[in-house]
Amino acid sequence: MRRLSYAAFALAFAALPVKAEELTVATAGDQNMVDYINQYLGPLFEKAYPGNTVRAVGTGPGDAGSQKILERFDAQSAAKSDKWDIDVAVVHEKFVGPMVTKNYLDKYRSDIDTGKLVTRDNAKMALGTDVDGYVMPMFNSQTAIAYNPDLVPNPPKSYAELVEWAKAHPKQFGYNGIKGGASGVSFVMGWIYAFGGGDANMLMNGPFKEEETKKWDAAFKSLADFTKNATLTPGNAGTLDLLARGEIAMGPVWVDMFYSWKASGQLPPSMKLVLPAPGMPGQPMHYVMPEKTAHKDLAEKFIAFATSPKIQAEGIVKRFNWYPGIDATNVKPELDDATWNKLFVDISPADLASKGKPFPIAPYNNAILEAYEKSVK
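Everything numeric in this text was worked out from a predicted model, so none of it was measured.

Rules and cut-offs
Residues numbered from 1 in each chain as written. Predicted model: local features only at pLDDT ≥ 70, side-chain atom pairs only at ≥ 80, totals over all residues. Heavy atoms only, no water. Helix = DSSP H or I, 4+ residues; strand = E, 2+ residues; numbered from the N terminus. Rg over C-alpha atoms; globule rule 2.2 N^0.38 Å. Buried < 20%, exposed > 50% of the residue type's maximum accessible area, 1.4 Å probe, protein only. Contact = heavy atoms within 4.5 Å. Areas by Shrake-Rupley, 256 points an atom, 1.4 Å probe, with all protein chains shown as cover. Domains from an automatic or database assignment. Buried area = accessible area lost by both parts, 1.4 Å probe. Salt bridge = Lys/Arg side-chain N within 4 Å of Asp/Glu carboxyl O. Polar contact = N/O pair within 3.5 Å; in protein donor to acceptor, adjacent residues only side chain to side chain. Core = buried A, V, L, I, M, F, W, Y, C linked by side-chain atoms within 4.5 Å. Pairing = 2+ DSSP bridges. Phe/Tyr/Trp six-rings, centres within 6.5 Å; stacked < 30°, edge-to-face > 60°. Lys NZ or Arg CZ within 6 Å of the ring centre and 35° of its normal.

Engineer: Help me get a handle on the overall build of the protein, residues and values and all.
Structural biologist: Secondary structure assignment for the protein yields 16 helices and 13 strands. Taken over C-alpha atoms, the radius of gyration comes to 23 Å for the protein, in line with the 21 Å a tight globule of 377 residues would show. Out of the 377 residues in the protein, the part that is buried amounts to 53%. Taking as baseline every contact in the protein between residues at least 6 positions apart, the subset at least 24 positions apart corresponds to 75%. For the protein, the exposed surface amounts to about 16700 Å²; the carbon and sulfur share of it is 53%.

Here it is as structure tokens:
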């Protein structure tokens, strides 16, 4: 039998995976998050890294899903497990801080090529906790003001301009308060950032100081006056519905919902968005990696793959109308003009970087909601 040359043997050996591994990805969120990994992202990764497999496990929607992941980390830490059974997790922003402070996470971002493509502050601070290096945003959801350009040819560019516009157009601005969905909550938080009289950066990053909450009286009085002149809507979808029917001309919305409604024909195609200064909150979902993952090298490859410009373009922007986790200028070359013009003309990457804000840290967030209940009837 003819013997293989050393070079031929080395080439054949290099073509084989060094070790077939199964990567377990736990994800909070709706079923579409699990489907995204199992049906789209995982198969593409397996093709790029033959012999390895990816398995997504859903932990449920909303904060409860991320809470289950944190509890799993708590249990494995308490058990002093050498290797944990989750390799990558996708969690809501508010749960990253506790994971970092409990020393559960690997500080991996500087180890992957896409780490340098992240520009938003929410990859550095998560509701008051320094998480820089421990997270990669999977995507960014963002709120903005939707408007009908037939009724609002020159939309307000700031909260201050919005106040003046609303005075001149009674009941034409609609929002859903603080109990009908998070777009209304976001609008209120943006109002306090704009008019609160204190340090907005402290609200976003901490520390909590009780005296800071005493500076909001004038802001809430003006918000109460504004709200009397506005239309209260029944929810996130309710705001979009009133916009579609022409009953209001402007209102805060989640950007991905806005574009999904446009794509389905539920909103007129002429509807547009503006992100007013100084900004409005949104929130990311983050990729994190336990420090005691059994598959660190493969987990890093997976997150780098998932946050690459091509995957962010095809998987995040095109499939879900989410904003990418990395800076959008890096995603633009991977998008056709129609998609780019749909998602990034009204609100540019520069707008997102400067005016896409985090929600306040929990103590301020709760204090603002309580003050709203007392002040805005």
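Engineer: Residues and numbers for the environment of Lys102, please.
Structural biologist: Considering the arrangement of structural elements, one finds Lys102 in the loop between helix H4 (93-101) and strand E4 (125-126). Given the relative accessible area of 39%, Lys102 is considered partly exposed. It is 34 Å that separates the C-alpha atoms of Lys102 and Val331, two residues lying 229 residues apart in sequence.

Engineer: An account of the domain arrangement of the protein is needed here, citing residue identities and associated values.
Structural biologist: Interface size is commonly expressed as the accessible surface area that is lost when the partners come together. According to the domain assignment, the protein contains domain 1 (21-140 + 283-347) and domain 2 (142-282 + 357-375). Computed over C-alpha atoms, the centres of domain 1 and domain 2 are 28 Å apart. Contacts between domain 1 and domain 2 engage 15 residues on the former and 18 residues on the latter. Both faces combined, the contact of domain 1 with domain 2 buries some 1400 Å², and carbon together with sulfur accounts for 55% of it. Together, Gln283, Asp346 and Ile347 form the three largest contributors to the area buried by domain 1 at its contact with domain 2, with a combined 36%. Summed over the shared surface of domain 1 and domain 2, the number is one salt bridge. A salt bridge links Lys272 to Asp346, with the shortest nitrogen-to-oxygen separation between them at 3.0 Å. Joining domain 1 to domain 2, the criterion identifies five residue pairs in polar contact (both at pLDDT 80 or more).

Engineer: Could you give an account of the nonpolar core, with specific residues and numbers?
Structural biologist: Within the largest apolar cluster, 123 residues are counted, with the highest numbers of intra-cluster contacts made by Tyr36, Phe173, Phe187, Leu223, Phe226, Tyr287 and Phe302. Composition of this core by domain shows at least three residues from each of domain 1 (21-140 + 283-347) and domain 2 (142-282 + 357-375). In this structure, Phe226 is in contact with Leu162, Val163, Ala166, Phe173, Phe187 and Trp191, ignoring residues within four places of it in sequence.

Engineer: Go over the pairing of strand E11 (residues 280-288), please, and point to the residues and values.
Structural biologist: Among the nine residues in E11, eight count as buried, and that is most of the element. Where strand E3 (residues 88-92) lies against E11, four bridges are found, and the strand directions are antiparallel. When the bridges of E11 are listed, Val91 appears paired with His286. Pairing geometry for E11 and strand E13 (residues 356-357), over two bridges, is parallel. Bridging across to E13, Pro281 finds its partner in Lys357.

Engineer: Residue-level account of the packing of aromatic side chains, with values.
Structural biologist: Within a pair of aromatic rings, the relevant descriptors are the distance that separates the centres and the angle that separates the planes. Evaluation of the coordinates by the stated rule reveals 28 aromatic pairs. Ring centres of Tyr159 and Trp191 lie 6.2 Å apart, and the angle between their planes is 80 degrees; on these two criteria the pair is classed as edge-to-face. Highlighted residues: Tyr159 in helix H5 (residues 159-168) and Trp191 in helix H6 (residues 182-195), separated in sequence by 32 residues. The pair Tyr159 / Trp191 is uniform in exposure class, with both members buried. Ring pairing ties together the aromatic residues Tyr159, Phe173, Tyr175, Phe187, Trp191, Phe195 and Phe226, which thus form one cluster. Directly above the aromatic system of Tyr40 lies the positively charged group of Arg319, at a separation of 4.4 Å from the ring centroid.

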